[in-house]
Amino acid sequence: MREGKRRVLTYGTFDLLHVGHVRLLERAAALGGELIVGVSTDDFNVIKGKRAQYSYGERAEIVAALRCVDEVIAEERWDQKADDIRRLNIDLLVMGSDWEGSAHFADLDGLCELVFLPRTEGISTTSIKDDLSKGA
Ligand code: CTP
């Protein structure tokens with residue numbers, strides 16, 4: 001770990017990267033200094049009930065190109081979080097507020113700090129897809 005920097009981890013699909021994603025990642029990085037992003041694989045998206053426009057490789061490449069991101073890992077399973085936190089020496093797990101109260105984050109107590117950040121209003125990958133399909 002770099003001196004004085006806390007290691008921050010977050011997860012997401014990050015399809016059709018938009019300003020809500022960028023702001024979430026910038027705010028997450030600002031909480032620690034070193035940001036690791038778990039990007040959901042295509043198989044895991046199926047489990048999550050999502051179908052991304054961009055492949056995992058493309059989404060991982062786009063997220064890795066952001067200045068605030070230090071490392072990208074694959075998110076392949078709901079239950080990999082505790083292993084990731086230990087293996088990557090994570091101090092802080094950050095998620096958007098849509099995940100607050102989710103059972104997927106319930107058993108991480110004591111492993112690291114857990115912070116939910118407010119989402120950016122009025123934008124999501126789903127709304128972009130809806131607008132495009134309507135020709136909006
Ligand atoms: N996020 C955010 N503000 C938004 C949209 C997303 O802060 N307007 C955050 C989510 O809370 C999550 C991360 O960005 O922590 C990745 O979200 P993801 O599910 O990939 O993006 P969405 O736009 O929410 O995608 P979808 O519409 O498919 O659910």
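Residues numbered from 1 in each chain as written. Predicted model: local features only at pLDDT ≥ 70, side-chain atom pairs only at ≥ 80, totals over all residues. Heavy atoms only, no water.

(A) Structural context of the overall build of the protein chain. If you tally the helices and strands in the protein chain, you get 5 helices and 5 strands. Relative to the 2.2 N^0.38 estimate, which gives 14 Å for 136 residues, the radius of gyration of the protein chain is 15 Å and therefore close to what a compact globule would have. In the protein chain, which comprises 136 residues, the proportion classed as buried is 43%. Of the contacts made within the protein chain by residues no fewer than 6 positions apart, 66% connect residues no fewer than 24 positions apart. When the accessible surface of the protein chain is summed, it comes to about 7600 Å², and 49% of that surface belongs to carbon and sulfur atoms. Charged side chains of the protein chain number 18 positive and 24 negative; the gap between the two group centres comes to 3 Å. (Helix = DSSP H or I, 4+ residues; strand = E, 2+ residues; numbered from the N terminus. Rg over C-alpha atoms; globule rule 2.2 N^0.38 Å. Buried < 20%, exposed > 50% of the residue type's maximum accessible area, 1.4 Å probe, protein only. Contact = heavy atoms within 4.5 Å. Areas by Shrake-Rupley, 256 points an atom, 1.4 Å probe, with all protein chains shown as cover. Lys, Arg positive; Asp, Glu negative; His and termini not counted. Charge placed at Lys NZ, Arg CZ, Asp CG, Glu CD.)

(B) Representation of the nonpolar core. Membership of the largest hydrophobic core comes to 17 residues, with the highest contact counts inside it found for Leu25, Leu35, Val37, Val63, Val69 and Val94. Contributions of two or more residues to this core are made by α1 (19-32), β2 (33-40), β4 (92-96) and β5 (113-117). Tallying contributions element by element places α1 first for this core, with 4 residues. The residues touching Val37, leaving out its near neighbours within four places in the chain, are Thr10, Phe14, Leu25, Val63, Val69, Glu71, Val72 and Ile73. Core analysis: the next-biggest nonpolar cluster, separate from the first, contains 13 residues, Leu9, Ile36, Leu88 and Ile90 among them. (Core = buried A, V, L, I, M, F, W, Y, C linked by side-chain atoms within 4.5 Å.)

(C) Seen up close, the site of the ligand. In the vicinity of the ligand there are 15 residues, among which Asp98, Thr120, Ile123, Thr125 and Thr126 approach most closely. Here an oxygen atom of the ligand and a side-chain polar atom of His21 are 2.8 Å apart. The contact in question runs from a nitrogen atom of the ligand to an N or O atom on the backbone of Thr120, over 2.8 Å. Here the ligand, which alone exposes 570 Å², has 91% of that area covered by the protein. Of all the elements, α1 adds the most residues to the shell around the ligand, at 3 residues. Residue composition of the shell around the ligand, grouped by class: 3 nonpolar, 9 polar and 3 charged. (Near = heavy atom within 4 Å. Polar contact = N/O pair within 3.5 Å; in protein donor to acceptor, adjacent residues only side chain to side chain. Nonpolar A, V, L, I, M, F, W, Y, C, P; charged D, E, K, R; others polar.)

(D) Spatial organisation of the packing of aromatic side chains. Inspection of every chain in the model, using the stated rule, returns 4 aromatic pairs. Measuring from centroid to centroid gives 4.9 Å for Phe44 and Trp78, while their planes differ by 75 degrees, and the two rings are edge-to-face. With Phe44 in helix α2 (residues 42-48) and Trp78 in the loop between β3 (71-75) and α4 (81-87), the pair connects residues that are 34 residues apart, well separated along the chain. On the basis of relative accessibility, which here comes to 1%, the residue Phe44 falls in the buried class. (Phe/Tyr/Trp six-rings, centres within 6.5 Å; stacked < 30°, edge-to-face > 60°.)

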